[in-house]
Every structure is written in structure tokens, then in C-alpha cells.
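Residue-level structural notes
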Amino acid sequence: MPIHILTPTVAAQIAAGEVIERPASVIKELVENALDAGASQISVEARGGGLRELKVQDNGCGIPADEVELAFERHATSKLHEADDLWALQTLGFRGEALPSIASVAQVVCITRSVSSELGTELRIAGGEVQYREARGCSPGTSISVRNLFYNTPVRRDYLRSDATELSAISQVVQQYALASPDVRFTLLLDGRLALQTSGNGDLRDVVIELYGLEVARQLLPIAADYGEGLEAVHLNGLVSPPGLTRGTRSSMHLFVNRRAIQPRGPLAAVVTEAYHTMLMKGRHPLLVLDLRVHPAAVDVNIHPTKSEVRFRYQARVAGVVGRVVRDALLTQSDAQAWRDSMPTETVQRRFEVRPPAPLASAWNVGSTAWTPLSRWDVGGAPATPAVPAAPAEQPDDHPPLEDTADLEPVRVLEPDEDEAPAQPSALPPLRWWGRWGLHILWPSRLMECT
Ligand code: ADP
Ligand code: MG
């Protein structure tokens, strides 16, 4: 067979195989786009196990009318211009793969209006081909509806699990982003039923209450630390469970690096688990949310198409800080019976500067490798990317608005799969682990690094 260049549609379908494995992958990509667009409200809907319809709508910056088709081209992105930008990334996306991949394996309706335009655009694409385009009135923001996912790739469709399993995976994705962005109001509707509603008030503990309930949330211990400056800076915030509060799987270990969710299995998870050393029974795992921020140039997020793994430039340093801060919180606070606003923070303040979580964009001075001094962080500040509407706007007309659903049924937490093979922290292969991160001895009051 002679060599030839694949058509864009075929190339996008092949790429979709990497990026879009199941309905939850679509939600991940669309939610990331909404966050990158600076949305303060994101509504997610799924029907029929996510195959019949997935919809994500946001009140972010929207797509200008003359760029809507371009957004569905492969390698088309507004987030990256040259290779060096990879080292100053403040966005979750950057590959320009998601929209074309989704549109190549589904029927997509995109309704969007940029803040600076008076009119919006409706674009319909199926199997990678534009079917319909028209200017239309709608509110600023973007709504993307993905229908009949995998309609033209039946094998992939056949490999999906039950509707309930797929909806559960979607729910977990939304929960992750809600934890990573407490300042964004998330709504999740599964088959028309309200499954999650966060307030978007910026308080991480409130999101935890929403997901795990008040009893769990009040037991969690706060952690907060700022170490170093510039490229070597490491900032950590979050909540960790005391040793008595554990789970049978790692699915409640929520790890975020620069707001990106990281698999709870790699070296970072190992460091956290090690901080609980001797405190956990075999096969038990902590429940925690770690919001780790490092300089964009000190982390490589371009390892995997789904970007769920990262590599640090200063792995040993990051590991040292994370291990030390978590261990310290456990040793100094874990006898706390009840959580009160002031109590745990004071304990931590003895040794670490405490600060509230800050939006990523305001935390970094991307023009240089300099770390923006803490005092100048704009804690309530601007979202990650382009111009954002000043106030939450109404949603595009033909979709339900991001209405206040607080009076509907309360949120249900989807329990983690208890059938996951139990990990055994104390059985970590010490040589390999230490070899990867350098040898650190965790001591209650100091971290010793042995080279
Ligand atoms: P990437 O996110 O890697 O840039 P995508 O294919 O996901 O690639 O999106 C392509 C482009 O479309 C984005 O770079 C962005 O400019 C635009 N876009 C996608 N979704 C949205 C959204 N919800 N709001 C505003 N712009 C969006
Ligand atoms: Mg994207």
C-alpha cells in the first residue's frame, strides 16, 4: 500500500483513542477548558451513561466567532505559542487535541459567545465534519453538548462498562475538579438528578463537606506551608485525615499539582503515604486533599496525553516538603477531636507561614522565573487565562441556566470501589523509593536529607 497522509478526521479519530477513552474523559477535557476559560460557574450534565448526552456549560471567556471552527482543528490552541511556553504553563490544556478528538467520535453542538461580542455562535459538528453554523443570541460563555459518543467507533462503545459505572467515573472527575477549584461553583446532574453542587466560595473544607459529609470534613487537619523562592519554591495547602480516619482504597487521596489532578499512585502518593508510616493499618489509605504549587518551569506536565502525571525538576525537594508538612500535621494535630476555624492553623503557624489558597495565575510571574512574593499574591484574584466576564452571566439560551439548585436533593458521595487491590504502605520497596527521591529521614521537627 503506498504511503499517504491520513485525512484530518482519521488522524483525529486515532488521537481520540488516546485522549477520549470513555465519557468521563470527555467531561475531564471540557471541564478543563471551562476552568482555563476562567469560569466561576461550571455545570455538567450526563445522560444515558454519558453516551446519549454529555454537556458542560460555563460562564468563562467564550470563543470569538471567527475562531469557533478553528477550536475544533487538531493542534489548535490559544494556550501555547512556542515550545518554551511549556515551561510557563498556567492552563490545564495546551495540546489542542480535545475538541477535535471529541468531535471526531461524537455529534457536538457548541454554543459560545466571547465577552467582547454581542452575538454568539452555534456550531454543529459530527464525525469531524461541520454540519451547521449560525450566529445566534446567547449569553457570554460556552456550552458544549456531546451526543451519541462513539457512534462511529462501535468497538470502543462496546468496551464501556455499565451506565452506572460510567456515571460514577464522571462524578469522580467532577469531584476532583471541585476539590481543586473551591472558588468555582460546580453543578453535576446525572440523568436529571442533582449529584453535586458546590458553593464556589473558595473554602476547601466546604467542598469536602459536600463530598464526604460534615463528620469527615471536621476531622481533617489543615496543612499549609511555603518554602523557598523562584524555581525552587514549593507551596502546599490542603486537608489530611488523622490516622484514625482511613479508606480501603487510594481514591480519596486527592493530589493536585498546580491545580492539575495527579494519579494517587506515583512518587508523590508514596511520599504522602510514607508520612503516615506506622500510623496506618496495612491496606488502609488516608483521605486527603493536597494542593501543591510549584513554579511552572519546575514541573513537566507533558508526560502523558491525559496529563495525569507530572515530573518535578526538584523531586527530592518537593518530596521532602510534602512529607515533612504532612507528617508534622499528623504529629502535632492528630489528637484534635473537633475542628475549629482557628485551632489547627495556629498549630501549623508555629513553623510554617500560613496562607489561603491562591489562584494559580496570580501566584506566578510568568514573564520571568521569579516567584511573586507572597505579600503580593492577589488571593481573590484573576482566573488563569484570558479576559473573563466580570459577573457570572446567564447561560446560552437553549440550555438550562446555571440555576440555583440548592433546594434540590442533597449531594450523594459515590463510594470508592472497595475491591481495589489494597496497597501496603509499609511494604513499599525502600531502595527503589529512596533511590528515586533521595534519602530523607523524617523527624518530628526537621527533615534530614542524606546524599
Ligand atoms: P487546548 O485546551 O489544549 O487548547 P482544546 O481542543 O481543548 O485544546 O480547545 C481548543 C481551544 O478552544 C482552546 O485553546 C480554547 O481557546 C478554546 N476553547 C475550548 N473550550 C473553551 C471554553 N469552554 N471556553 C473558551 N474557550 C474554549
Ligand atoms: Mg482543552
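Below you will find a few notes about this structure. Just so you know, these numbers come straight off a predicted model, no measurement behind them. (Residues numbered from 1 in each chain as written. Chains lettered and ligands numbered in written order. Predicted model: local features only at pLDDT ≥ 70, side-chain atom pairs only at ≥ 80, totals over all residues. Heavy atoms only, no water.)

1. Regarding helix α2 (residues 23-36)
- The terminal C-alpha atoms of α2, which comprises 14 residues, lie 20 Å apart, in line with the 20 Å expected from a rise of 1.5 Å per residue.
- Counting buried residues in α2 gives 13 out of 14 residues, a clear majority hidden from the surface.
- At the exit of α2 stands Gly-38, carrying a positive phi of roughly 80°. (Helix = DSSP H or I, 4+ residues; strand = E, 2+ residues; numbered from the N terminus. Expected span 1.5 Å × (residues − 1). Buried < 20%, exposed > 50% of the residue type's maximum accessible area, 1.4 Å probe, protein only.)

2. A few points about the packing of aromatic side chains
- What the rule picks out here adds up to zero aromatic pairs.
- Positioned over the ring face of Tyr-132 is Arg-124, at 4.8 Å from the centre of the ring. (Phe/Tyr/Trp six-rings, centres within 6.5 Å; stacked < 30°, edge-to-face > 60°. Lys NZ or Arg CZ within 6 Å of the ring centre and 35° of its normal.)

3. Considering the packing of helix α9 (residues 267-275) against helix α10 (residues 315-333)
- Interaxial distance between α9 and α10 falls to 8 Å at its minimum, and their mutual angle equals 30°. As judged from the angle between their axes, α9 and α10 are roughly parallel. Relative to α10, α9 is oriented so that their crossing is right-handed. Between α9 and α10, the residues in contact are Leu-268, Val-271, Val-272, Glu-274 and Ala-275 and Ala-319, Val-322, Gly-323, Val-326, Arg-327 and Leu-330, respectively.
- Looking at the contact of α9 with α10, its residues break down into eight nonpolar, one polar and two charged. (Axes fitted to C-alpha atoms, helices over the stretch in contact; angles between N-to-C directions. Parallel < 35°, antiparallel > 145°, perpendicular 65-115°, else oblique. Left-handed = near helix turned anticlockwise from the far one by under 90°. Contact = heavy atoms within 4.5 Å. Nonpolar A, V, L, I, M, F, W, Y, C, P; charged D, E, K, R; others polar.)

4. Observations concerning a nonpolar patch on the surface
- A surface patch of nonpolar side chains, amounting to about 250 Å² of accessible area, comprises Leu-6, Val-10 and Ile-14.
- A residue is classified by how much of its surface remains accessible, and Ile-14, at 53% relative accessible area, is exposed. (Patch = residues over 30% accessible without salt bridge, like charges linked within 9 Å, V, L, I, M, F, W, Y side chains within 5 Å. Areas by Shrake-Rupley, 256 points an atom, 1.4 Å probe, with all protein chains shown as cover. Salt bridge = Lys/Arg side-chain N within 4 Å of Asp/Glu carboxyl O.)

5. Re helix α7 (residues 204-212)
- Along α7, the residues that are buried comprise Leu-204, Arg-205, Val-207, Val-208, Leu-211 and Tyr-212. Looking down the long axis of α7, one finds its buried residues gathered within 155° of arc, a one-sided arrangement.
- Once α7 finishes, Gly-213 follows within two positions and takes phi at roughly 95°, a positive value. (Arc of directions from axis to C-beta.)

6. Brief notes about the nonpolar core
- Counting residues in hydrophobic clusters, the biggest one holds 64 residues, and the most contacted among them are Ile-27, Ile-42, Phe-72, Val-146, Leu-149, Ile-170 and Phe-186.
- Take this core: its biggest share by element is nine residues, from helix α6 (residues 163-180).
- Residue assignment places this core across two domains, with domain 1 (8-200) and domain 2 (214-333) each supplying three or more.
- Here Ile-170 is in contact with Pro-23, Ala-24, Ile-27, Ala-46, Gly-50, Leu-54, Leu-188 and Leu-190, once residues within four sequence places are set aside.
- Among the nonpolar cores identified, the runner-up in size contains 37 residues, and Leu-255, Val-271, Val-272 and Phe-312 belong to it. (Core = buried A, V, L, I, M, F, W, Y, C linked by side-chain atoms within 4.5 Å. Domains from an automatic or database assignment.)

7. Remarks on the pattern of salt bridges
- Per the counting criterion, the structure on display carries 14 salt bridges.
- In this structure, Glu-166 and Arg-22 form a salt bridge, with 3.0 Å as the shortest nitrogen-oxygen distance. Pair noted here: Glu-166 is in helix α6 and Arg-22 is in the loop between α1 (8-19) and α2, with a separation of 144 residues, a long-range link.
- The exposure class assigned to Arg-22 is partly exposed, which follows from its relative accessible area of 25%.
- Across the pair Glu-45 and Arg-47 runs a salt bridge, and its minimum N-O distance is 3.3 Å.

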